[in-house]
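# Structure at a glance
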Amino acid sequence: MPVLDQNGTQVWRRRTGRESLMRWFGWLLGVAVFVYCWQIISDATTWFFVWDAPRIANDIWTRATPPRWEYITQLGRPIWDTLNIATLGTLISLCLAVPVAFLAARNTTPSALFIRPIALLIIVSTRSINSLIWALLLIAIIGPGVFAGVVAIAIRSIGFCAKLLYEAIEEIDQTQVEAITATGASRWQVMAYGIVPQILPAFAGIAVFRWDINIRESTVLGLVGAGGIGLQLSASLNVLAWPQVSLILIVILVAVVISEWVSAKVRGAII
């Protein structure tokens with residue numbers, strides 16, 4: 001913006017003096033908050049263990065290598081359970097997320113005053129709690145095992161899938177809906193022929209993306225007793241069997257890489 005210098009000449013500056021002052025004040029405030037938070041963290045940290053961490057890490061690395069390759073024969077069923085937890089949990093969540101998404105979208109909800117807030121509450125509440133927390137609660141209710149892991153993954157995924165899907169519903173081309181409505185079609189026909197075809201690519205992408213995320217999350221659910229390869233990891237950690245731990249981590253890494261490759265190929269084919 002144009003301002004006048006000491007000689008009365010008009011010059012251009014990006015910000016006024018007031019804006020520059022406020023900007024510097026913001027930076028100063030941010031630095032002060034960072035220093036205060038760092039002081040609190042520093043007071044609560046035992047720095048001896050931090051400085052000793054490289055030695056401990058090297059000791060664990062020495063104990064964990066080479067991996068115990070013969071132990072891989074016992075990981076077939078656990079990794080299969082992990083894949084089943086992720087897949088079944090994703091399918092269940094999609095079945096529940098679709099109606100929730102239609103109830104939450106402004107252009108498809110039967111009642112923006114009563115039903116939509118309830119749908120949004122379901123989305124927020126299921127997204128706000130981590131899968132491990134859901135697994136801990138479900139293990140206390142229905143007991144440990146694969147079923148608790150499936151339900152935990154499903155509940156956690158409902159909000160994620162429903163949120164992305166209802167946003168896709170709100171962004172559809174309304175002219176197609178209006179054209180079908182003008183033919184005298186019913187509400188369900190409008191939804192089936194005017195809305196669903198427009199959101200199918202987004203739905204497929206969301207499903208594959210969430211399945212990919214659930215593969216990662218299901219690998220650690222066994223740490224709290226919800227089945228899968230995490231159970232083997234937890235048992236090996238408890239007895240300090242580091243060669244087994246390193247092998248399990250390699251298997252988890254391979255599974256995640258394969259799921260990432262599959263999801264990328266599927267999303268590429270859809271898009």
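The rules behind each value
- Residues numbered from 1 in each chain as written.
- Predicted model: local features only at pLDDT ≥ 70, side-chain atom pairs only at ≥ 80, totals over all residues.
- Heavy atoms only, no water.
- Helix = DSSP H or I, 4+ residues; strand = E, 2+ residues; numbered from the N terminus.
- Rg over C-alpha atoms; globule rule 2.2 N^0.38 Å.
- Buried < 20%, exposed > 50% of the residue type's maximum accessible area, 1.4 Å probe, protein only.
- Contact = heavy atoms within 4.5 Å.
- Areas by Shrake-Rupley, 256 points an atom, 1.4 Å probe, with all protein chains shown as cover.
- Lys, Arg positive; Asp, Glu negative; His and termini not counted.
- Charge placed at Lys NZ, Arg CZ, Asp CG, Glu CD.
- Phe/Tyr/Trp six-rings, centres within 6.5 Å; stacked < 30°, edge-to-face > 60°.
- Lys NZ or Arg CZ within 6 Å of the ring centre and 35° of its normal.
- Patch = residues over 30% accessible without salt bridge, like charges linked within 9 Å, V, L, I, M, F, W, Y side chains within 5 Å.
- Salt bridge = Lys/Arg side-chain N within 4 Å of Asp/Glu carboxyl O.
- Axes fitted to C-alpha atoms, helices over the stretch in contact; angles between N-to-C directions.
- Left-handed = near helix turned anticlockwise from the far one by under 90°.
- Nonpolar A, V, L, I, M, F, W, Y, C, P; charged D, E, K, R; others polar.
- Parallel < 35°, antiparallel > 145°, perpendicular 65-115°, else oblique.
- Disulfide = S-S within 2.5 Å.
- Polar contact = N/O pair within 3.5 Å; in protein donor to acceptor, adjacent residues only side chain to side chain.

## Comments concerning the overall build of the chain
Looking only at helices and strands, one finds eleven helices and two strands in the chain. Against the 2.2 N^0.38 benchmark of 18 Å for 271 residues, the chain shows a C-alpha radius of gyration of 27 Å, more extended than a compact globule. Dimensions of the chain along its principal axes, counting C-alpha atoms only, are 75 × 75 × 35 Å. Within the span of the chain, comprising 271 residues, buried residues form 35% of the whole. Counting only contacts in the chain whose residues sit at least 6 apart along the sequence, the fraction spanning at least 24 positions is 69%. Carbon and sulfur atoms provide 70% of the accessible area of the chain, an area that totals close to 16700 Å². When the 19 positive and 15 negative side-chain charges of the chain are each reduced to one mean point, those points stand 2 Å apart.

## Here's the deal with the packing of aromatic side chains
According to the stated counting rule, one finds one aromatic pair in the structure shown. Plain terms: the ring middles of Phe 160 and Phe 209 are 5.8 Å apart, the flat faces sit at 45° to each other, and that makes the pair tilted. Residue Phe 160 is found in helix 7 (residues 146-170), and its partner Phe 209 is found in helix 9 (residues 187-221); the two are separated by 49 residues along the sequence. Judged by relative accessible area, which is 17%, Phe 160 ranks as buried. Just above the ring of Phe 160 sits the side chain of Arg 210; from NZ or CZ to the centre is 4.8 Å.

## Remarks on unusual backbone geometry
The amide bond that connects Thr 65 to the next residue, Pro 66, takes the cis arrangement and shows omega of -5°. By the element assignment, Pro 66 lies in the loop between helix 3 (53-64) and helix 4 (76-104). Even without glycine at this site, Leu 240 takes up a positive phi of about 55°. Taking the relative accessible area as the measure of exposure, Leu 240 reaches 54% and is therefore exposed.

## Quick look at a nonpolar patch on the surface
Side chains of Val 31, Phe 34, Val 35, Trp 38 and Ile 41 sit close together on the surface and give an oily, nonpolar patch of about 520 Å² of accessible area. Position of Phe 34 relative to the elements: it lies in helix 1 (residues 17-43). Here Phe 34 falls in the exposed class, since its relative accessible area comes to 57%.

## Overview of the packing of helix 4 against helix 9
Taken N-terminus to C-terminus, the directions of helix 4 and helix 9 make an angle of 145°; their axes are 8 Å apart at the nearest point. Of the two elements, helix 4 crosses helix 9, and the hand of that crossing is right-handed. Considering only residue class, the contact of helix 4 with helix 9 consists of 15 nonpolar, six polar and one charged.

## Details of the packing of helix 5 (residues 115-127) against helix 7
Where helix 5 contacts helix 7, the two axes come as close as 6 Å, and the packing angle between them is 135°. In this view, helix 5 runs oblique relative to helix 7, as classed from their interaxial angle. Note on packing geometry: the crossing formed by helix 5 with helix 7 is left-handed. Contacts from Arg 116, Leu 120, Ile 123, Thr 126 and Arg 127 of helix 5 reach helix 7 at Ile 155, Arg 156, Ile 158, Gly 159, Phe 160, Ala 162, Lys 163, Tyr 166 and Glu 170. Class assignment for the residues of the contact of helix 5 with helix 7 results in seven nonpolar, two polar and five charged.

## Section: the state of the cysteines
Going through the model one piece at a time under the given rule, you end up with zero disulfides. Take Cys 95: it sits in no disulfide, and the sulfur closest to it among the cysteines is that of Cys 161, at 11 Å. Residue class for Cys 161 comes out buried when judged on its relative accessible area of 2%.

## Some details on the environment of Asp 52
Structurally, the position occupied by Asp 52 is in the loop between helix 2 (47-51) and helix 3. The buried category is assigned to Asp 52, whose relative accessible area is 18%. The sequence separation of Asp 52 and Ala 168 amounts to 116 residues, and the corresponding C-alpha distance is 50 Å.

## Concerning the side chain of Thr 108
The topology assignment puts Thr 108 in the loop between helix 4 and helix 5. The class for Thr 108 is buried, based on a relative accessible area of 5%. A distance of 2.6 Å separates a polar atom in the side chain of Thr 108 from the backbone oxygen of Phe 102. Those residues in contact with Thr 108, other than ones at most four positions away along the chain, are Phe 102, Ile 169, Arg 187 and Ile 195.

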